[in-house]
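# Structure assessment
Residues per chain, in single letters:
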Amino acid sequence: MLTAAMNERLTRVGPDTPGGELMRRYWIPIAPYSQLDENPVRKVRVLGEDLVLYKDKSGTLGLVGDRCLHRNVDLQFGIPDQCGLRCPYHGWLFNEGGKCVERPMEATPRGEIKQKLKAYPVQELGGLVFAYLGPQPAPALPRWDLFVWPNAIRQIGIMTINCNWLQCHENTGDPTHSAWAHGHMFQYVLEQQGRYEEAAARAEHTLHTRLKTGIGIKELYANETETGISKGVRYSQELGADSDYTREHSTVIFPFFTQTGKTGAPRSEYQIRVPIDDTHTYHICYQVYAAPPGVEAPQQDSVPWYEPPRHDENGKPILDYVLAQDALVWDAQGAITDRTAELLGRTDIPIVLLRRQLDQQIGRVEEGLDPINFYRESPDIIYGSGSAPDYSKPLLKHNFRKLYHRGFFNDDADRYGPALELVKDLHRKIEEFETAQQNALEKTESGSN
Ligand code: FES
Ligand SMILES: [Fe+2]
């Protein structure tokens, strides 16, 4: 458990809060870039601040305060101009620095206005728009691997979650929830729908692999790394596991990313928990399906986005896919969960470390130091999982994650994704390629015998 004061410290993200100051040291993803092709002006709320993101006719991105300086009209209704955004009421024009550069209805301009709209720098990377809300000079936008890895298909799933960001992120520090939220609860949901038999017959259904993760747990481990936390579970045959083995869990990238699947894998993902404010989270699943050397991934003109549904047409929760199961337990803990009333157990070891790391990094910013993952210059690529892919080893924990063409996309949010057909084609090509390689190897081996 935490004290009430520590819970406040770790969860609050508004301006002038310790946690908010920490968050304001990072480039924060705020929208899929492709959304601006649909509508070039969008309301954005991030770290408790109401802003408007726009792309003007010259292609410049801007992120400015949402209220016109003249008479407070909400600029989400603004009109993109050649250079800047115009208020729809009297046409005042604002540039990406928040400066008012034209007041068309003022016959006798009375000089420059001193006031400016709030304005923050924005940049695009990997199909996402990132904003920096902190003190200048802004750090470099880190080139995390999945955003820049070549020869891959991408899609972006977004969801708004009605709770504090840290609940979503603590889920990452909790390797054992899988057995229940994605195993037993999955089974219960399918039984209620009369679909369990069908799932039980599918040996690779997520439900079976997840149930297995709860059997024979000896202990959990969690270690701080240069970029976050690595963690996993040690299993023991004596306690019922198939054998003694260690299974690495997803990688935590500070402050609010988690990575599943290694770079270059046929399926990998960042889950990014962006604080909208203290009680809402903008949850991004940044999904990447990479081709191995020798296979070419189809080209995409832009990275498409989608919103996985959480309710059916009757308003009932949809719970038969992994992300929806996670989302349920995140906001089922309450808007900001009361951590003074917890009873932590042995499965919460990584969560304790995750909280300690967050507290320490907030402390660094309080002392005027840079927190981790703050880059003055970014390397061309930063490996979230620590290293470049080694294609001689399996890059996925669950092999079915490369068999979407055989129906194994169905258990997670990806099933709603606009790039799904491309992914199935890619996975089919990868399987054909790997089978051909295997056949060639066997032929060579039998020839040399
Ligand atoms: S309110 Fe915006 S120009 Fe008048
Ligand atoms: Fe989960």
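Refer to the structure above for everything that follows.
Read on for an overview of the structure. Quick caveat, the model's predicted, so the values are computed rather than measured.

Bringing the overall build of the chain into the picture now. Of regular secondary structure, the chain possesses 11 helices and 20 strands. Its C-alpha atoms give the chain a radius of gyration of 24 Å, within 12% of the compact-globule value 22 Å for 449 residues. Once the C-alpha set of the chain is aligned to its principal axes, its extents read approximately 90 × 55 × 50 Å. Split into buried and exposed, the 449 residues of the chain put 53% on the buried side. Considering only intrachain contacts with a sequence separation of at least 6, the fraction spanning at least 24 residues in the chain is 65%. Summing over all exposed atoms, the chain offers an accessible surface of approximately 20,400 Å²; the carbon and sulfur share of this is 50%.

Considering all chains together, one arrives at 15 aromatic pairs under this definition. Here the aromatic rings of Y321 and Y416 are separated by 5.2 Å at their centres, their planes lie at 70°, and the arrangement is edge-to-face. Here Y416 lies in the loop between α10 (349–366) and α11 (420–448) and Y321 lies in the loop between β20 (305–306) and α9 (322–331), a separation of 95 residues in the sequence. Among the residues examined, Y416 registers a relative accessible area of 29% and is labelled partly exposed. A ring pair is formed by Y404 and F409, whose centres lie 6.3 Å apart and whose planes are at 55°; its orientation type is tilted. Accessibility classification places Y404 together with F409 in one group, the buried group. Connected via pairs of aromatic rings, a cluster forms that spans F130, W144, F147, F256, F257, Y270, Y286 and Y375. Here R103 stacks its cationic end above the ring of W92, 5.5 Å away from the centre of that ring.

Donor atoms from the polypeptide that coordinate the iron ion (ligand 2) comprise H177 (NE2), H182 (NE2), D326 (OD) and D326 (OD), at 2.1 to 2.5 Å from the metal. The sequence motif formed by the donor residues of the iron ion (ligand 2) is H-x4-H-x143-D. Taken together, the residues span a long stretch of sequence, with H177 in helix α6 (residues 177–192) and D326 in helix α9 at a distance of 149 residues.

Scanning the model with the defined rule gives 34 salt bridges in all. Salt-bridge contacts for K424 lead to E421; the nearest nitrogen and oxygen are separated by 3.1 Å. Here E421 and K424 lie together in helix α11, a separation of three residues that amounts to about one turn. Each of R267, E269, R401, D412 and D414 takes part in salt bridges that share partners, so that together they form one network.

This next bit is on the packing of helix α1 (residues 4–11) against α10. Following both chains from N to C, one finds α1 and α10 inclined at 70°, their axes separated by 10 Å at the closest point. The angle between the axes of α1 and α10 places the two elements in the roughly perpendicular class. Along its contact with α1, which presents M6, R9 and L10, the element α10 presents R355, L358, D359, I362, G363 and E366.

Next up on the list: α9. Among the 10 residues that make up α9, seven are buried, leaving the element largely enclosed by the rest of the structure. What α9 keeps buried is the set V322, L323, A324, Q325, D326, A327 and W330.

Before going further, it helps to spend a moment on the pairing of strand β17 (residues 257–260). Sheet topology note: the strand β16 (residues 251–253)/β17 ladder contains three bridges and is antiparallel. Directly across from V252, in β17, lies its bridge partner T258. Where β16 hands over to β17, the hairpin turn is made up of three residues, counted between the paired strands. Bridge count between β17 and strand β18 (residues 268–277): four bridges; the pairing is antiparallel. Paired with Q259 across the strands is Y270, a residue of β18.

With that settled, the discussion passes to the packing of α6 against α9. The contact between α6 and α9 brings their axes to 10 Å, and the two run at 110°. With respect to their mutual orientation, α6 and α9 come out roughly perpendicular. The interaxial crossing formed by α6 with α9 has right-handed handedness. In contact with H177, A181, H182, M185 and F186 of α6, α9 contributes V322, Q325, D326 and L328.

The residue T209 is located in helix α8 (residues 206–212) in this model. T209 has contacts with H398 and F400, leaving out every residue within four places of it along the chain.

A few words on the environment of P317. As for its placement among the helices and strands, P317 is situated in the loop between β20 and α9. By relative accessible area, P317 is classed as partly exposed at 46%. Remark: the alpha-carbon pair of P317 and L328, spanning 11 residues in sequence, is separated by 8.6 Å. In contact with P317, not counting residues within four places along its chain, are R310 and H311.

A word on α6. Relative to the 22 Å expected for 16 residues at 1.5 Å per residue, α6 spans 21 Å between its end C-alpha atoms, a close match to the ideal helical length. The largest bend in α6 comes to about 30°, at F186. Those residues of α6 that fall on the buried side of the exposure criterion are H177, S178, A179, A181, H182, G183, M185, F186, Q187, V189 and L190. Contacts from the buried residues of α6 go to α5 (165–172), α7 (196–201), α8 and α9. One or two positions beyond α6, positive phi appears at G194, with a value near 70°.

Quick notes on the rules
Residues numbered from 1 in each chain as written. Chains lettered and ligands numbered in written order. Predicted model: local features only at pLDDT ≥ 70, side-chain atom pairs only at ≥ 80, totals over all residues. Heavy atoms only, no water. Helix = DSSP H or I, 4+ residues; strand = E, 2+ residues; numbered from the N terminus. Rg over C-alpha atoms; globule rule 2.2 N^0.38 Å. Buried < 20%, exposed > 50% of the residue type's maximum accessible area, 1.4 Å probe, protein only. Contact = heavy atoms within 4.5 Å. Areas by Shrake-Rupley, 256 points an atom, 1.4 Å probe, with all protein chains shown as cover. Phe/Tyr/Trp six-rings, centres within 6.5 Å; stacked < 30°, edge-to-face > 60°. Lys NZ or Arg CZ within 6 Å of the ring centre and 35° of its normal. Donors = N, O, S within 2.8 Å, 3.2 Å for Na, K, Ca; no water. Salt bridge = Lys/Arg side-chain N within 4 Å of Asp/Glu carboxyl O. Axes fitted to C-alpha atoms, helices over the stretch in contact; angles between N-to-C directions. Parallel < 35°, antiparallel > 145°, perpendicular 65-115°, else oblique. Pairing = 2+ DSSP bridges. Left-handed = near helix turned anticlockwise from the far one by under 90°. Expected span 1.5 Å × (residues − 1). Bend = angle between axes of the 7 residues up to and from the residue.

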